[in-house]
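# Fold and geometry: a report
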Amino acid sequence: MAAVPRTSRDPLVQPRPRDVGFSFWPWFLQRVTGAALVVLLFVHLWVNHIVGIDEVEAGVYEDLVLFSLVADRLNEVIWWVVDVPLLGFTLFHGLNGLRNIALDWGVRGRNLTLLTWFLTAVGAVAFVFGMGALLAFQLYD
Amino acid sequence: MAYRIRYPHIRPGAMETGTIAWILHRVTGVFLTLYLITHIIVIGQSVRGKEAFDAALNFVQSPLFVFLDAGLAGVVAFHGLNGLRIIAFDMGVGIRWQKPLFWASLILSVLIFVAGVWVARNLIFV
């Protein structure tokens, strides 16, 4: 673990961005996915957990989230346009956020490379499993 | 015996508003990532078929879990609102109002938690 350079109070005397663990694309994509998730999660929470409460209270459905209801929703293409980015963006944003914490702790070099590949593997497995979970609603319906 | 305090700004009673916001953003972020993995596994019960999915989902829609969902909505709201605050600062907007913007994020997210409990009140207090 390389030492993290000290920052100075003088704004003109600062370590180079890459020495404090900064790189453009992780930073930029964290902002883009974050802003997109504010919209996507609002839609997700509203449609899955607020719409339909009346029917559950009236006894029309046993639960708010049922296999048949999710399957019906996923018959429309628009919900794949919402749910697939939701799966990918949340995974990237969450796992890149964990990497940002490691960068703040001063993880650099070989350990950082290992961590990046580990988090990428976790994200890839979770994404494939999540896509399988979505496809299952079409296969078993 | 001299010792070095690794994070002198993270100490109860000596925290600036920005430090509190930073810590809360990190803590809620780690929590939400752990929740996300759990959530994918629970929804992933669909791969075991309709009955297995409905059984698993029935368990996590008990009154206690619905109440916890309202709390989760509050945590998501805080992380989202504070995240928008961070994006604004990255674009050079609103840094002058960083403290009131943090408290606004926190208060709004508590209100969203309360609103969530109210909306789902008949599913929680049965």
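Residues numbered from 1 in each chain as written. Chains lettered and ligands numbered in written order. Predicted model: local features only at pLDDT ≥ 70, side-chain atom pairs only at ≥ 80, totals over all residues. Heavy atoms only, no water.

## Observations concerning the overall build of chain A
This is how the line gets drawn: Note on conventions: DSSP H or I runs of at least 4 residues are helices, E runs of at least 2 residues are strands, and numbering of each starts at the N terminus. What the globule rule says is 2.2 Å times the number of residues to the power 0.38, and the radius of gyration is computed from C-alpha atoms. The contact criterion used throughout is that any non-hydrogen atoms of two residues lie within 4.5 Å. Methods summary: accessible areas were calculated by the Shrake-Rupley approach with a probe of 1.4 Å, and residue burial reflects only the protein chains presented. Residues scored as charged are limited to Lys and Arg (positive) and Asp and Glu (negative), so that His and the chain ends carry no count. To locate a charge, take NZ of a lysine, CZ of an arginine, CG of an aspartate or CD of a glutamate.
Per the secondary structure count, chain A includes five helices and zero strands. Its C-alpha radius of gyration of 21 Å places chain A more than 25% over the 14 Å reference for a compact globule of 141 residues. Its C-alpha atoms give chain A principal-axis dimensions of roughly 65 × 30 × 25 Å. The long-range share in chain A, meaning contacts at least 24 apart out of those at least 6 apart in sequence, stands at 70%. Counting only carbon and sulfur atoms, one obtains 69% of the accessible surface of chain A, whose full area is about 8,600 Å². Positive and negative side-chain charges of chain A, numbering 9 and 12 respectively, have mean locations separated by a distance of 31 Å.

## Here's the deal with the packing of helix α1 (residues 24-49) of chain A against helix α4 (residues 77-105) of chain A
Residue and element names in this part refer to chain A. So the rule is basically this: For helices, the axis comes from a line fit to the C-alpha atoms of the stretch in contact; other axes are also lines fit to C-alpha atoms, and the angle between any two N-to-C directions lies between 0 and 180 degrees. Roughly parallel means an angle under 35 degrees; roughly antiparallel, over 145; roughly perpendicular, 65 to 115; everything else is oblique. The hand of a helix crossing depends on one turn: near helix anticlockwise from the far one by less than a right angle means left-handed, and clockwise means right-handed.
Two numbers describe how α1 lies on α4: the axes approach to 8 Å, and their chain directions differ by 135 degrees. By the angle class used here, α1 and α4 are oblique. Here the hand of the crossing between α1 and α4 comes out left-handed. Between α1, through P26, L29, Q30, T33, G34, A36, L37, L40, L41, V43, H44 and V47, and α4, the contact on the second element is made entirely by W79, V82, P85, L86, F89, T90, F92, H93, N96, G97, R99 and N100.

## Quick notes on a nonpolar patch on the surface
Residues and elements named next belong to chain A. Under the convention used in this document: For patches, a residue must show more than 30% relative accessible area and have no salt bridge; joins then use 9 Å for like charges and 5 Å for nonpolar side chains, namely Val, Leu, Ile, Met, Phe, Trp and Tyr. Counted as salt bridges are all cases of a side-chain nitrogen of Lys or Arg within 4 Å of a carboxyl oxygen of Asp or Glu. Working definition: with a 1.4 Å probe on protein chains only, accessible area under 20% of the residue-type maximum means buried, over 50% means exposed, and in between means partly exposed.
On the surface, V20, F22, F24, W25, F28, L29, V32 and F92 cluster together into a nonpolar patch covering about 690 Å² of accessible area. At five residues, the largest contribution of residues to the nonpolar patch is made by α1. Locating W25 in the fold gives a position in helix α1. Relative accessible area serves as the criterion here: at 55%, W25 is assigned to the exposed category.

## Topic: the pattern of salt bridges
All chains considered together, the criterion is met by four salt bridges over all chains. Two residues, D83 of chain A and R73 of chain A, come together in a salt bridge whose shortest N-O distance is 3.2 Å. Taken together, the residues D83 of chain A in helix α4 and R73 of chain A in helix α3 (residues 67-73) connect sequence positions ten residues apart. Side by side, D83 of chain A and R73 of chain A carry an identical accessibility label, which is buried. Among the salt bridges present, the one from K99 of chain B reaches E16 of chain B, with a minimum N-O distance of 4.0 Å. Linking K99 of chain B in helix α4 (residues 98-119) with E16 of chain B in the segment before α1 (17-43), this pair joins segments that are 83 residues apart in sequence. The exposure class assigned to K99 of chain B is partly exposed, which follows from its relative accessible area of 38%.

## Topic: the confidence of the model for chain B
Our working definition: Residue-level confidence of the predictor is what pLDDT reports, using numbers from 0 through 100.
Across chain B, the average pLDDT comes to 93, with 93% of residues at or above 70. Among the scores for the predicted complex, ipTM is 0.90 and pTM is 0.89.

## Observations concerning α4 of chain A
Selection criterion: To estimate the expected span of a helix, subtract one from its residue number and multiply by 1.5 Å.
Look at α4 of chain A: 42 Å from first C-alpha to last across 29 residues, which is about the 42 Å you get at 1.5 Å a residue. Remark: G106 of chain A follows α4 of chain A within two positions and exhibits a positive phi of approximately 95 degrees.

## Regarding the packing of aromatic side chains
The test is simple: Ring pairs are drawn from Phe, Tyr and Trp, using the six-membered ring of Trp, whenever the two centres fall within 6.5 Å, and their geometry is named by plane angle: stacked under 30 degrees, edge-to-face over 60, tilted for the rest. Two conditions define a charge sitting above a ring: the NZ of Lys or the CZ of Arg must be within 6 Å of the ring centre, and it must be within 35 degrees of the ring normal.
Using the criterion set out here, one finds 13 aromatic pairs over all chains in the structure. A centroid spacing of 5.2 Å and a plane angle of 15 degrees characterise the contact between F24 of chain A and F28 of chain A, whose relative ring orientation is stacked. You can see F24 of chain A and its partner F28 of chain A sitting in helix α1, four residues apart, about one turn around the helix. Residue F24 of chain A is classed as partly exposed on the basis of its relative accessible area of 41%. Classification of F28 of chain A as partly exposed rests on a relative accessible area of 33%. Three or more aromatic residues joined by ring pairs form one cluster here, namely F22, F24, W25, W27 and F28 of chain A. Across the ring face of W118 of chain B, the terminal group of R121 of chain B is positioned such that the distance to the ring centre comes to 4.0 Å.

## Quick notes on the packing of helix α5 (residues 109-139) of chain A against α1 of chain B
Where we set the bar: Any residue outside Ala, Val, Leu, Ile, Met, Phe, Trp, Tyr, Cys, Pro, Asp, Glu, Lys and Arg is labelled polar, Gly included; the first ten of those are nonpolar and the last four are charged.
Between α5 of chain A and α1 of chain B, the shortest axis-to-axis distance is 9 Å and the interhelical angle comes to 35 degrees. Considering the relative orientation of α5 of chain A and α1 of chain B, their crossing is left-handed. Contact residues: A126, F129, G130, A133 and F137 of chain A in α5 of chain A; I40, I41 and I43 of chain B in α1 of chain B. Looking at side-chain class alone, the contact of α5 of chain A with α1 of chain B contains seven nonpolar, one polar and no charged residues.

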